[in-house]
Amino acid sequence: MKILITGGLGYLGKNFIKKFCNIHEIIIFSKTISEIDFLKQHNIIVEKGCIENIEIFNVMKKHKPEITLHFAALTGLKKCEDEPSKAFLINTFGTFNVAKACLSEKSKMIFLSSREVYGETVGKESRENDPLNPINIYGESKMMAEDIIQKFGKIQELKFNILRLTNVYGNGNENRGINKMINSAIETNTIQINGGNQTLNLIYVDDVVEIINNIITNDNISNKIINLGSNDTLTINQLSKSISNILGNKIELKYFPKKSYEVNYFKPNLEKLKKIPIKIQPIKLEEGLKKIIETSS
């Protein structure tokens, strides 16, 4: 299958490529280029450009991919709050360009959205048909991008799937999230926490790319919105204690105020996701944390 991946050299893109590069014909569309030797070794085509510019139309017309994995985005809640214009330019207008390019070449679009579109979970779990009420710029920009894709699907028959991703973790993301917490715990015996009672839903990166591959190779899954998460929902305080227990050390927790743009409570409903068969056993949280700790130690 011929697949174009926008943001193909980001965290998820690299993990998808390394696992499935021998199965699919992959074209990367990225504003920065790295890992040249690996890409050449696996005959991966690289096109340089930005989704907010016209290059995406030329690349789509040139390669005519069957599937477009739209991973390119400005991520990081703080970064989007600090640069809202850039967030909407890339995440919303850039997605408009990708959707229009997919439509022109009849490429099915898989869009990575975010749990942040929900804002606070109302009730026990957030379902895909719940009203969206994001509380931060990142969530707003993704919500607007979703709306654009759905309108293209309804009015112009764009084929798509929207995947609302929760909190991804795993090796290879050392400067962010859980990896940053683990590195701090190992190196300084401390973890810095902003707030602590906010809930995370954690899914290991290998599980994410496996599920995405199953979705793109299943013709019966089309024009659906799916929560992409796991059964591991816990607070930041609980996560810190789990890291401390695995390390076998009493980690000092340094508390700071919660950020205003962070959601307090979120838990996804996974009924749609459970209907998608996957070939691997999902990685449980303790196992995933151990994998990171083994690499970091």
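Counting restarts for each chain, with residues numbered from 1 along the sequence as it is written. Local features in this predicted model are restricted to residues of pLDDT 70 or higher, and side-chain atom pairs are both shown and tallied only at a pLDDT of 80 or more, whereas totals for entire chains, interfaces and linings draw on every residue. Excluded from the side-chain calculation are hydrogens and water; included are all heavy atoms of the structure.

Asks: Account for the sheet that holds strand 9 (residues 199-204), with residues named and values stated.
Replies: Judged by pairing direction, the sheet is mixed, and its three strands sit side by side in the order 7-9-11 without closing on themselves. Unpaired on one side and paired on the other, strand 7 (167-169) and strand 11 (233-235) mark the two borders of the sheet. The average angle at which neighbouring strand axes cross in this sheet is 45°, direction not considered. In this sheet, strand 9 lies alongside strand 7 in parallel orientation, the contact comprising three bridges. Opposite Val168, over in strand 9, you have Ile203 as the bridge partner. At least two DSSP bridges between two strands are needed for those strands to be called paired. Working definition: helices are DSSP H or I runs of at least four residues, strands are E runs of at least two. Numbering for both runs from the N terminus. Axis definition: a line fitted to C-alpha atoms, limited for helices to the stretch in contact. Angles are taken between N-to-C directions and run from 0 to 180 degrees.

Asks: Just give me the short version of the nonpolar core, but keep the residues and values in it.
Replies: Side-chain atoms within 4.5 Å link the members of a nonpolar core, which is a set of buried Ala, Val, Leu, Ile, Met, Phe, Trp, Tyr and Cys residues. Burial here depends on accessible area, computed with a 1.4 Å probe over protein chains only, as a share of the maximum for the residue type. Under 20% is buried, over 50% is exposed, and the range in between is partly exposed. In terms of nonpolar packing, the biggest core is built from 54 residues, with Phe16, Leu69, Ile212, Leu228 and Leu239 touching the most fellow members. Setting aside chain neighbours within four positions, we find Ile212 in contact with Phe16, Leu69, Phe71, Leu112, Leu163 and Leu228. Membership of the second largest hydrophobic core comes to 29 residues, among which are Val59, Ile90, Phe152 and Ile225. We call two residues in contact whenever any of their non-hydrogen atoms come within 4.5 Å of each other.

Asks: Provide a residue-level description of the side chain of Ser30, including the pertinent values.
Replies: Position of Ser30 relative to the elements: it lies in strand 2 (residues 25-30). There is a polar contact of 2.6 Å between the side chain of Ser30 and the backbone oxygen of Thr32. Apart from residues no more than four positions distant in its own chain, Ser30 is found in contact with Leu9, Glu47, Lys48 and Gly49. Side-chain atoms alone can form a polar contact between residues adjacent in sequence; in general such a contact is a pair of N or O atoms within 3.5 Å, and within protein one must be able to donate a hydrogen while the other accepts it.

Asks: Could you give an account of the packing of helix 9 (residues 236-247) against helix 11 (residues 285-296), naming the residues involved and the relevant values?
Replies: One way to put it is that helix 9 packs onto helix 11 with a least axis distance of 10 Å and a crossing angle of 60°. Judged by the angle between their axes, helix 9 and helix 11 are oblique. Seen along the crossing, helix 9 lies across helix 11 with a hand that is right-handed. Note on element contacts: helix 11 touches helix 9 through Glu286, Leu289, Lys290 and Ile293, opposite Leu239, Ser242, Ile243, Ile246 and Leu247. Each residue gets one label: Ala, Val, Leu, Ile, Met, Phe, Trp, Tyr, Cys and Pro are nonpolar, Asp, Glu, Lys and Arg are charged, and the others, such as Gly, are polar. The residue makeup of the contact of helix 9 with helix 11, split by class, is six nonpolar, one polar and two charged. Between 65 and 115 degrees an angle is taken as roughly perpendicular, under 35 as roughly parallel, over 145 as roughly antiparallel, and anywhere else as oblique. Left-handed describes a crossing whose near helix is turned anticlockwise from the far helix through less than a right angle; right-handed describes the clockwise counterpart.

Asks: How would you explain the packing of helix 5 (residues 84-105) against helix 6 (residues 137-156) if you had to name every residue and give the values?
Replies: Orientation of helix 5 relative to helix 6, taken along the N-to-C sense of each, is 20°, at an axis distance of 9 Å. It follows from the interaxial angle that helix 5 and helix 6 lie roughly parallel. Taken as a pair, helix 5 and helix 6 cross one another with a handedness that is right-handed. Each of Pro84, Ala87, Phe88, Asn91, Thr92, Thr95, Phe96, Ala99, Lys100 and Leu103 in helix 5 lies in contact with helix 6, whose residues at this interface are Ile137, Tyr138, Glu140, Ser141, Met144, Ala145, Ile148, Ile149, Phe152 and Gln156. Counted by class, the contact of helix 5 with helix 6 contains 13 nonpolar, five polar and two charged residues.

Asks: How would you summarise the pattern of salt bridges if you had to cite specific residues and measurements?
Replies: The salt bridge definition used is simple: a Lys or Arg side-chain nitrogen within 4 Å of an Asp or Glu carboxyl oxygen. Evaluated as defined, the whole model comprises nine salt bridges. The shortest N-O distance in the salt bridge between Glu116 and Arg115 comes to 3.8 Å. Of the charged contacts, one joins Glu271 and Lys274 as a salt bridge, the two residues approaching to 3.7 Å between their closest N and O atoms. Taken together, the positions of Glu271 and Lys274, both in helix 10 (residues 271-274) and three residues apart, correspond to about one turn of that helix.

Asks: Pulling in residues and values, what's your account of the sheet that holds strand 1 (residues 2-6)?
Replies: If you walk across this open sheet you meet the seven strands as 3-2-1-4-5-6-10, and the pairing is parallel. Edge positions in the sheet fall to strand 3 (45-48) and strand 10 (224-228), since each has one partner strand and no second. Ignoring which end each strand starts from, the neighbouring axes of this sheet average 20° apart. On the sheet, helix 6 packs against strand 5 (108-114), strand 6 (160-165) and strand 10 and is oriented at approximately 155° with respect to strand 5.

Asks: Requested: an account of the packing of aromatic side chains, with residues and values cited.
Replies: Pairing of aromatic side chains requires ring centres within 6.5 Å, counting the rings of Phe and Tyr and the six-membered ring of Trp. Pairs whose planes differ by under 30 degrees are stacked, by over 60 edge-to-face, and all others tilted. This model, assessed by the stated rule, comprises five aromatic pairs. Centroid distance Phe96 to Phe152: 5.8 Å. Interplanar angle 40°. Geometry classified as tilted. Of this pair, Phe96 sits in helix 5 while Phe152 sits in helix 6, placing them 56 residues apart in sequence. Given a relative accessible area of 28%, Phe96 falls into the partly exposed group. Aromatic side chains Tyr169 and Tyr204 sit 5.2 Å apart centroid to centroid with 80° between the ring planes, which places their arrangement in the edge-to-face category.

Asks: For a positive patch on the surface, give the residues involved together with the corresponding values.
Replies: Like-charged residues are merged into a patch within 9 Å and nonpolar side chains (Val, Leu, Ile, Met, Phe, Trp, Tyr) within 5 Å, provided each residue has over 30% relative accessible area and no salt bridge. Methods summary: accessible areas were calculated by the Shrake-Rupley approach with a probe of 1.4 Å, and residue burial reflects only the protein chains presented. Positive charges come from Lys and Arg, negative ones from Asp and Glu, while His and the chain ends are left out of the count. Taken as the charge location is NZ of Lys, CZ of Arg, CG of Asp or CD of Glu. Residues Lys31, Lys79, Lys86 and Arg176 make up a contiguous surface patch of positive charge. Within the fold, Lys86 resides in helix 5.

Asks: Go over the layout of surface pockets, please, and point to the residues and values.
Replies: Note on definitions: the grid is 1 Å and covers protein atoms alone; a cavity is a set of points where a 1.4 Å probe fits but cannot get out; a pocket is an open set with protein on both sides within 12 Å along at least five of seven lines; lining residues have an atom within 4 Å of a point. Grid points are joined across faces, edges and corners, and a volume is the space filled by probe spheres set on the points. Within this model, the second largest pocket holds a volume of roughly 390 Å³. Listed by contribution, the elements that provide at least two residues to the lining of the second largest pocket are helix 8 (205-216) and helix 10. Considered class by class, the residues forming the lining of the second largest pocket number nine nonpolar, four polar and four charged.

Asks: Please provide a residue-by-residue account of helix 3 (residues 55-63), values included.
Replies: Restricting attention to buried positions, one finds in helix 3 the residues Ile56, Val59, Met60 and His63. Seen from one end, helix 3 has its buried residues packed into an arc of 100°, which puts them on one side. Turned more than 90 degrees from where helix 3 packs its buried face, Lys61 and Lys62 sit exposed. Downstream of helix 3 by a residue or two, Lys64 has a phi angle that is positive, lying close to 45°. What the arc describes is the spread of directions from the helix axis to the C-beta atoms.

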